[in-house]
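Topology and contacts: notes
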Amino acid sequence: MTISLSIFIPFIAAIFVPFLYKRIQSRKIGWFVLLVPLMLFATLASFIPSIAKGETYSHTFRWIESAGIHFTTYLDGLSLIFGLLITGVGSLVILYSIYYLSERESLGRFYVYLLLFMGAMLGVVLSDNLMVLYVFWELTSISSFLLIAFWYHRKKSRYGAQKSMLITVSGGIAMLAGFIMLHTMTGTYSVREIVVTIGQYTDEPLFVFAMLLVLLGAFTKSAQFPFHIWLPDAMEAPTPVSAYLHSATMVKAGIYLVARFTPIFGGEMTWFYIVSSVGIFTLFWGSFNAVKQTDLKALLAYSTISQLGLVMSLFGLGSAALNEGHSANSIIYAQATFAALFHLINHSTFKGALFMVVGILDHELGTRDVRRLGGLMAFMPVTFSIALIGSFSMAGLPPFNGFLSKEMFFESLVNARNLELFDVGTMGTIFLIVAWLASVFTFVYSMIIVFQTFFGEFQPERIEKPSREAPFGMLVAPSILAILVIGIFFFPNSIGNYLLRPAMAAVYPTLAGAEGLTPQIVAWHGFNSPALLMTIGVIILGAVLYKFYRYWRGIYTIAPMTWNLDAAFNANLILLEKASHFFTRLYMKGYLKDYLVYIFSFFIVVVGGAILYTGSYTFDFSNDAPITANEYLIVLAMVVAGLSMLFAKSRMTAIILNGVLGYSIAFFFVVFRAPDLALTQAVVETVTTALFLLCFYFLPDWKKERSPIRTKLLNGLIAFAAGTIVTVLALTVQGNKMFESISVYFEDSYQLAGGKNIVNTILGDFRAFDTMLEVVVLFIAGIGVFTLIKLKTRKEGQDFEDQ
Amino acid sequence: MKINDVILQTVTKIVVFIILTFGVELFLSGHNNPGGGFIGGLVLSSAFVLLYLVHDIETVHKGIPFDFKKIAALGAFLAVGTGIGSALFGKHFLTQAAGHFTLPVFGETELSTVLVFEAGVALTVVGVVVTIISTISEDV
C-alpha cells in the first residue's frame, strides 16, 4: 500500500507545484520539491532491512478484470535498488538544480516535469503488471521529451527532444507488442506469474518474437547500438536533467527491463548472444567515440552509452546461469549479474558526480569545450577533486568503486570464456578482447576529463566568465556522490549484503538462497588474478594512447568512421515526411464535398458489401406493428423537408429544413414512447440549429453549384446508394436476429443499479465507463474549439509557435 | 448580434427561469423517470443559448460571470473523480453507491454517487456547449 502510494506522490506533488509557483516565484520552490524525493527515499530505505531478509511486498488494486490489468506494485531487491537510485539521485539533482537554474527560467514547469518523470520511473520499476509498466514506460519517454525541450526556443533542443521521443517510443511500441505476445502465450500480464509458468511455453513460435520485441524496447531506451544516437542529442537538456534522466535513471530502465525479464527469457541462447554482444559492441563503440568529443557533455553522453553497454553485456553473460539450474557453474556465471548490479549503482554515483561537475564548469565559465578549458585546478579545487574521483572511478582505478566493479567485469568475461554452453569458444575470446580495448578507451577519455580540463595551461582569454569556485550549494550534491564513490570502495559488502543479495534473488528466483550467489567483494585478488593483470594492461596502454593522442587521432576521419548513423536517421525522417506528404496530398483536397464522397463510398462498400456477403437482405415484416396515419404524416413531412432542402436557395432555409427533419424524429420518438430520446433529440436539435446559424453567419452566400453533369450524377448515385443501404440495414436488423437480444439483462435495473430508468442506469452505471470517457471527449472537444478560435493567427499576426 | 426586441426580451426573462427549473427537474428525476444528466445539461445550456440570442454576449457575461470552460473542467473532474473515488474504497473503478437518508426538508431521500457522476455530465455539457457557442459568436 505504501509502495503503491509512493508512485502517486510525485504526480500529486506535480499538481500542486504550479499553484505554489504562483505564490513563490523564486528558486526557493525547489526546497519544497526536494521534500518529495527525500521522503520517498526514506520510505524506500526503511524497507531495506526486511527486503535484505528475503521478504517481498506486493499490493494490488483490482482494476480491469476482463483484460487482466490490475494496478499491482511489487517491491523486491531489484526494484528496491532502482527505487533508491531514482529517489536518491533525484534528491541530489533537485538540490543541485536549486542552484543551477536561475530564477528567470520557468522553474514551475521544470519541477513539474521532473516530478512527472520521477513518478513515472517509480511506476516502471515498481509495477508488476506489464500493461501498467508499459504506460509508465512511455510516460518516462514523454517527460524526457518535455525536459530535453525545456529550452524549446533552441532549435537543437527541439531536434534532440523529437529524436529521443521517436526512437524510445517506437521501441516502446515494439515492447508493447512483445508484452501482448507474452499475454497470448501465458494468459497473464503479471511478471511474477509469467516467470512461474514460462517454462512450458519456450517452444512456442511467439516466444522468440516476444523476446526480440521486448529487447528492442530495452535497447532503444538504454541507448544500445544502433539506437544510441538519441542520447548525445538529448544532452541539450539542462545539465541536472542529463545527470538524472540520461545517465542515472531513465536510460537504466532498459537495463531494468532486461534484468526483470532474465528469469523469463534468460537461459536461452538467443537472449544470451543478443544481449551480451549488443552490450559489448555498445561498450566499445561508445568509449571509442567518446575520446574524439570536444564537448565535455557529449563526451559524457558517449561514455554513458558505453557504460550502459557494459552493464547490459554483464546481464547477458549472467543469463547463462539459468540454463543449467542448480550447479556450481551456474553460480559462477551468475557473478556477471552481480557485477552488473554493482556497476549499475557505481555508475550512478560517479557519472552523476561527473555530470554535475560539467554543469558547474558550464555554469561558472560559460563553456564546456575541452579545447578552451585548462589549468582550472588552482581556481576550482573542490570541483577538481570531485572530477578526479569520478573520472578515476570510471577508468577503473583504486581506491574508487569503479575499480571493484570493473575487476568483476573482467572476471566475468574470463569465466564466460570457459562457458560450456552455446558453443561460446571463440566468441568468448572476442568478447574479452573487445571489452578490454573498450576499457582502454574508457581510461583515455577519463584522463581527458581530468587532465585537459584541470591541468595544463590556463587560457583566460578563451573563457567567457572569470573563473572561480562554484557556490557552496552547487557543490553539495556532487560532493555527496563523490564521497559515496570512495565509501563504496571501502565498504562494498554492506551494499552487497543489503541491496545486491535480494536483487540477485529477484533475478534468479530458481537459484535463490544458493551458496555463494552473492560473493564477498574484495579489492585484492592477488597478483596472479587475470582481472588485475587486465587492469594494469589498461592503465599502461591507456596512458600511452592518451600521451600520443594527436598521432592516432586520424583514425576518426577514415572511411568507416565517417559513416554516420545520425545522417541516416535524418535522411529517413525527411523521406518519411516527404512520402506521407505526397500520399496525404493525393486525397486531402480541402473540399468538404470530396470528403463526403470518400465517407459515403466507404460506407457503401463496407456495409453494402457486408449485407451482400452475409446474405441478410431478406426482410421479415411479420412481427411489425401496423403503421398508423400520424406516422405517415410525419414521414411525409420529412420527405418534403428533405426534398426541398435540395432546392433551397439560402443557407438559412436549408438549416431550418434540417431542423424540421430533426424535430420530426423527435416526434417519432414520442409516438414510439421513448420520452428520454424525444427530449434529448428535441434539445439537441435546438442547440445544434442555433450553432449552425451562428457558424453559417460567417460564411459567404450560397452560390449555385457549377459542376459537370457527370459529377452531379455520380454524387446523386452515391447519395441514393447510401440511403438505400441505410434503409435496407434498418429492415434487416428488424428481421434477422443473429443472436439473442441482451436487453433482458437491463430489465431488472432496479435490483442491479438501483434506478428505475433503464436508459439512465445504462448511462450512469452499467456502461458508466463509456459515459465518463464521452464526457472527457466532449470536454476536450470544447477546449479544442476554444483554442482553435482564440489562439488562431490574427491577420498579419505572428504564429504562436514562432514567438 | 444584437436584437432589440422588447417583447422577446421580456418573455425571455421569465422563460429562462422556467427552462432552468425544468433542466434541474429533469436532472433530478433522471434516476427513476425520464431525464438525467445529459438532457438536464442540454436544457440548461439551451437556456443560456436563448439568453445569448436575445441579449448580446457582453450583457449576458455581466449577468452570469462564470467561466464556462472552468465549469466544463469541473464537470469532467467530477465524472472521472467518482470513478477514482470508488477505486480508493477498494471497489471496482466507477462502482456507484447509494443509500437512503432522512433529510430535514425532503424527508426520506435516496442519495447516491450516481448523482455526482450525472452532475459531472451535466456540468460538462453546459460548459462545453456554452463555451463553443460563445467563442464562435465572439469571433467576428
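Counting restarts for each chain: residues are numbered from 1 in the order of the written sequence. Labels follow written order: the first chain is A, the first ligand is 1, and so on. Local features in this predicted model are restricted to residues of pLDDT 70 or higher, and side-chain atom pairs are both shown and tallied only at a pLDDT of 80 or more, whereas totals for entire chains, interfaces and linings draw on every residue.

1. A few points about helix H21 (residues 530-547) of chain A
Residue and element names in this part refer to chain A. Numbering of helices and strands runs from the N terminus; a helix is a DSSP stretch of H or I covering at least four residues, while a strand is a stretch of E covering at least two. One fewer than the residue count of a helix, multiplied by 1.5 Å, yields its expected span. End to end, H21 covers 26 Å across 18 residues, agreeing with the expected 26 Å (1.5 Å per residue, within 8%). When H21 is considered as a whole, its buried residues turn out to be Met534, Thr535, Val538 and Gly542. End-on view of H21: buried residues confined to an arc of 100°, all on one side of the axis. Projecting away from the buried face of H21 at angles above 90 degrees are the exposed residues Leu533, Ile536, Ile540, Val544 and Lys547. Whether a residue is buried, exposed or partly exposed is read from the other C-beta atoms within 10 Å of its own C-beta, which are placed from the backbone; 20 or more gives buried, 12 or fewer gives exposed, and intermediate counts give partly exposed. Here the arc refers to the directions that run from the helix axis out to each C-beta atom.

2. Digging into the pairing of strand S1 (residues 57-64) of chain A
Residues in a regular strand point their side chains to alternate faces of the sheet. Residues and elements named next belong to chain A. One ladder, built from six bridges, connects S1 with strand S2 (residues 69-75); its direction is antiparallel. Paired with Thr60 across the strands is Thr72, a residue of S2. Counted between consecutive antiparallel strands, the loop separating S1 from S2 contains four residues, among which Gly68 sits at a positive phi close to 70°. Criterion used throughout: strands pair if DSSP finds at least two bridges between them.

3. Focus on the domain arrangement of chain A
Where each domain begins and ends is defined by an automated method or by a domain database. The domains assigned to chain A are domain 1 (266-557) and domain 2 (592-738). For domain 1 of chain A versus domain 2 of chain A, the separation of C-alpha centres amounts to 70 Å.

4. A closer look at the interface of chain A and chain B
Contact between residues is assigned whenever the C-beta positions, reconstructed from backbone atoms, fall within 7 Å. With 38 residues of chain A at the interface, the matching set in chain B holds 46 residues. When residues of the side of chain A that touches chain B are traced back to their parent elements, those giving at least two are S1, helix H28 (675-696), helix H32 (758-766) and helix H33 (768-790) of chain A. With 15 residues, the top contributor of residues to the side of chain A that touches chain B is H33(A).

5. Section: the packing of helix H2 (residues 29-45) of chain A against helix H5 (residues 107-126) of chain A
Residue and element names in this part refer to chain A. Fitting a line to C-alpha atoms yields each axis, with helices limited to the stretch in contact; the angle taken between N-to-C directions then spans 0 to 180 degrees. In contact at an axis separation of 11 Å, H2 and H5 are set at 5° when each is read in the N-to-C sense. In terms of their interaxial angle, H2 and H5 are classed as roughly parallel. Along its contact with H2, which presents Ile29, Gly30, Val33, Val36 and Pro37, the element H5 presents Leu107, Tyr111, Leu115 and Met118. Each residue gets one label: Ala, Val, Leu, Ile, Met, Phe, Trp, Tyr, Cys and Pro are nonpolar, Asp, Glu, Lys and Arg are charged, and the others, such as Gly, are polar. The residue makeup of the contact of H2 with H5, split by class, is eight nonpolar, one polar and no charged. Angles are sorted into four bins: roughly parallel if under 35 degrees, roughly antiparallel if over 145, roughly perpendicular if 65 to 115, and oblique for all others.

6. Regarding unusual backbone geometry
All names here are of chain A. Backbone torsion omega between Phe225 and Pro226 reads 0°, so that peptide bond is classified as cis. With respect to the secondary-structure elements, Pro226 resides in the loop between helix H9 (205-221) and helix H10 (230-233). For the peptide bond that leads from Pro398 to Pro399, omega is 0°, which places it in the cis range. With respect to the helices and strands, the residue Pro399 is situated in the loop between helix H16 (381-395) and helix H17 (401-417). In this structure, Arg673 is a non-glycine residue whose phi angle is positive, near 60°. Looking at the secondary structure, you find Arg673 in the loop between helix H27 (651-671) and H28.

7. Section: the nonpolar core
Buried Ala, Val, Leu, Ile, Met, Phe, Trp, Tyr and Cys residues whose C-beta atoms connect them within 7 Å together make up a nonpolar core. Ranked by size, the top nonpolar core spans 203 residues in total, and within it Leu115(A), Met121(A) and Ala353(A) carry the most contacts. Per-element tally for this core: the top contributor is helix H15 (residues 328-365) of chain A, with 20 residues. Counting residues in hydrophobic clusters, the runner-up holds 44 residues, among them Ala678(A), Ala690(A), Val43(B) and Phe117(B).

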